Amino acid sequence: EPLAASALLQMAGRAGRRGIDERGNVLLCRSAWESAPDAARLLARPADPIESNFCLGYGSALKLRRRRPLSECESLIARSFGAYTARAKTETAVAQLGGVEEERRRLRALLARFDRSSVASYAKLQGRLEAEQRSLSFLRAQEAEAEAEMVETLLGFVNRGTPARTSDGAAAIVADDPP
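A brief structural summary. (Residues numbered from 1 in each chain as written. Predicted model: local features only at pLDDT ≥ 70, side-chain atom pairs only at ≥ 80, totals over all residues. Heavy atoms only, no water.)

1. Details of a nonpolar patch on the surface
A surface patch of nonpolar side chains, amounting to about 350 Å² of accessible area, comprises Ile 50, Phe 81 and Tyr 84. Within the element layout of this structure, Ile 50 appears in the loop between helix H2 (36-44) and helix H3 (58-67). Here Ile 50 falls in the exposed class, since its relative accessible area comes to 67%. (Patch = residues over 30% accessible without salt bridge, like charges linked within 9 Å, V, L, I, M, F, W, Y side chains within 5 Å. Areas by Shrake-Rupley, 256 points an atom, 1.4 Å probe, with all protein chains shown as cover. Salt bridge = Lys/Arg side-chain N within 4 Å of Asp/Glu carboxyl O. Helix = DSSP H or I, 4+ residues; strand = E, 2+ residues; numbered from the N terminus. Buried < 20%, exposed > 50% of the residue type's maximum accessible area, 1.4 Å probe, protein only.)

Structure, rendered in structure tokens:
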């Protein structure tokens, strides 16, 4: 299993002696199964995200509540890392939602220039075009298959040394007698 970026960062963070060395050195030894570029990618990776495992059980919550006032309990939980990450996720989601709503307004303004029947006709034509493109692709595949079959059949009637021209225009000579 490859070394996680956070594990490498943790080990490298312990290099040197606190209060004595201004900086520490880290030596990364690659294994026989890793290349130098693999080692460089490992060093360049960002640290893994930190996730809170804070889970206040009923018993702990009751003990906390018995010893401290409700306002202090709420304050402790609000200052926890779990609450911080939840707020950060919420803020990110709200920002993304704002972007989606802005894009929705932009698209509605764009569509407002067209009446519903025009949009429906366009969607229907788009569907037909896609169906025609699928049919064309299928017919081209059939044509190539039929052409290959015909060449295979005709080669049985051609003698060795007969000059020929391939479908791409290149000159060729039949090299073997028909079976």
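Still more ground to cover, so stick around.
2. Let's talk about the pattern of salt bridges
Taken as a whole and assessed by the stated rule, the structure comprises four salt bridges. The shortest N-O distance in the salt bridge between Asp 38 and Arg 41 comes to 2.3 Å. You can see Asp 38 and its partner Arg 41 sitting in helix H2, three residues apart, about one turn around the helix. Close ionic contact of Glu 102 with Arg 105 constitutes a salt bridge, the shortest N to O distance being 3.0 Å. Of this pair, Glu 102 and Arg 105 both sit in helix H5 (residues 81-111), three residues apart, which is roughly one turn of the helix. Judged by its relative accessible area of 49%, Arg 105 is partly exposed.

3. Concerning the layout of surface pockets
When its volume is computed, the largest pocket comes out at roughly 350 Å³. Together, 13 residues line the largest pocket, and Val 151, Leu 155, Ala 164, Arg 165 and Thr 166 are the ones closest to its centre. Of all the secondary structure elements, the ones that give two or more residues to the lining of the largest pocket are helix H6 (116-155), strand E1 (163-165) and strand E2 (171-173). No other element matches the four residues that H6 contributes to the lining of the largest pocket. A breakdown of the residues in the lining of the largest pocket according to their chemical character gives nine nonpolar, two polar and two charged. Forming the walls of the second largest pocket are Arg 108, Leu 111, Ala 112, Phe 114, Asp 115, Arg 116 and Val 119. Contributing elements (two or more residues each) for the lining of the second largest pocket: H5 and H6. Residue composition of the lining of the second largest pocket, by class: four nonpolar, no polar and three charged. (1 Å grid on protein atoms, 1.4 Å probe; cavity = no way out; pocket = protein on both sides within 12 Å on 5 of 7 lines; lining within 4 Å. Points joined across faces, edges and corners; volume = space filled by probe spheres on them. Nonpolar A, V, L, I, M, F, W, Y, C, P; charged D, E, K, R; others polar.)

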